[in-house]
Amino acid sequence: MSTATAAASTRTGTVLADLLPASRVRDVALVVGGAALTGLAAQIAVPVPGSPVPVTGQTFAALLVGTALGARRGLLSLALYALAGLAGVPWFASGTSGVSVSFGYILGMMLASAVVGALARRGADRDVLRMAGTMLLGEAIIYAIGVPYLAYAADLSASAAIAAGLTPFLIGDAVKAALAMGALPAAWKFADKN
């Protein structure tokens, strides 16, 4: 067994955030930082013709937060993000806040961050193929909550909600998954060398 393989196998049960010295201050900083990263990424927003939902960096950030911080801290980060946005912090897509027709995606991001965080703790962020599956599952969870919420909130039929809230985003989500597939396993390789 190589040194890198041995190091990776001893770190099963950890996520990247666990490599930092443990403390309550660390955990609070990670949760607040994860919420802030998601809020910043949401400002990268491109309108989609015919859809009330823009393409944003928000979903990518939410999945990275969950994967890097783990299920509990990832969920807390996205819950903080959602609650602060509901309270008026303008860090939802395009500087908005409050409940909108796209709020279901934020609810989906909360659940997805917990799921991908739990999978990362089981080693799903260590190699490209498992990371791809983790990201795709996270995206599927976001859509499973976001699209029905969009249909309800915007009074759309199921097919109209899919056309407006899912189909236009598939290519961008594939690109986001590819970025994560390279970034997180590379981060672990770097960590295992040090």
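Since we're looking at a predicted model, the values are computed, not measured. (Residues numbered from 1 in each chain as written. Predicted model: local features only at pLDDT ≥ 70, side-chain atom pairs only at ≥ 80, totals over all residues. Heavy atoms only, no water.)

**Concerning the overall build of the protein**
Each helix and strand counted, the protein has 8 helices and 2 strands in total. Helices (α) and strands (β) of the protein occur, in sequence order from the N terminus, as α-α-β-β-α-α-α-α-α-α. For the protein, whose C-alpha radius of gyration is 17 Å, the value lies close to the compact-globule estimate of 16 Å for 194 residues. With respect to the principal axes defined by its C-alpha atoms, the protein has extents near 55 × 35 × 20 Å. Out of the 194 residues in the protein, the part that is buried amounts to 46%. Considering only residue pairs separated by 6 or more positions, the protein has 70% of its internal contacts joining residues 24 or more positions apart. About 9200 Å² of surface is accessible on the protein, with carbon and sulfur atoms providing 73% of the total. Of the charged side chains in the protein, 12 are positive and 8 negative; the average position of the first set lies 9 Å away from that of the second. (Helix = DSSP H or I, 4+ residues; strand = E, 2+ residues; numbered from the N terminus. Rg over C-alpha atoms; globule rule 2.2 N^0.38 Å. Buried < 20%, exposed > 50% of the residue type's maximum accessible area, 1.4 Å probe, protein only. Contact = heavy atoms within 4.5 Å. Areas by Shrake-Rupley, 256 points an atom, 1.4 Å probe, with all protein chains shown as cover. Lys, Arg positive; Asp, Glu negative; His and termini not counted. Charge placed at Lys NZ, Arg CZ, Asp CG, Glu CD.)

**Some thoughts on the pattern of salt bridges**
Taken as a whole and judged by the stated rule, the model has 8 salt bridges. Among the ionic pairs, Asp-18 bridges to Arg-73, the shortest N-O distance being 2.7 Å. Pair noted here: Asp-18 is in the loop between helix H1 (3-10) and helix H2 (24-41) and Arg-73 is in helix H4 (residues 71-86), with a separation of 55 residues, a long-range link. In this structure, Arg-26 engages Asp-27 in a salt bridge whose closest nitrogen and oxygen atoms are separated by 2.9 Å. Asp-27 matches Arg-26 in its accessibility class, with the two residues each being buried. Each of Asp-18, Arg-26, Asp-27, Arg-72, Arg-73 and Arg-121 takes part in a single network of salt bridges with overlapping partners. (Salt bridge = Lys/Arg side-chain N within 4 Å of Asp/Glu carboxyl O.)

**Regarding the packing of helix H6 (residues 128-153) against helix H7 (residues 158-165)**
Remark: H6 packs on H7, axes separated minimally by 9 Å, with the N-to-C direction vectors making an angle of 120 degrees. Judged on the interaxial angle alone, H7 and H6 are oblique. You can see that H6 and H7 cross each other, and the crossing is right-handed. Facing H6, whose interface residues are Tyr-143, Val-147, Leu-150 and Ala-151, H7 presents Ala-161, Ile-162, Ala-164 and Gly-165. Across the contact of H6 with H7, the residue classes break down as 7 nonpolar, 1 polar and no charged. (Axes fitted to C-alpha atoms, helices over the stretch in contact; angles between N-to-C directions. Parallel < 35°, antiparallel > 145°, perpendicular 65-115°, else oblique. Left-handed = near helix turned anticlockwise from the far one by under 90°. Nonpolar A, V, L, I, M, F, W, Y, C, P; charged D, E, K, R; others polar.)

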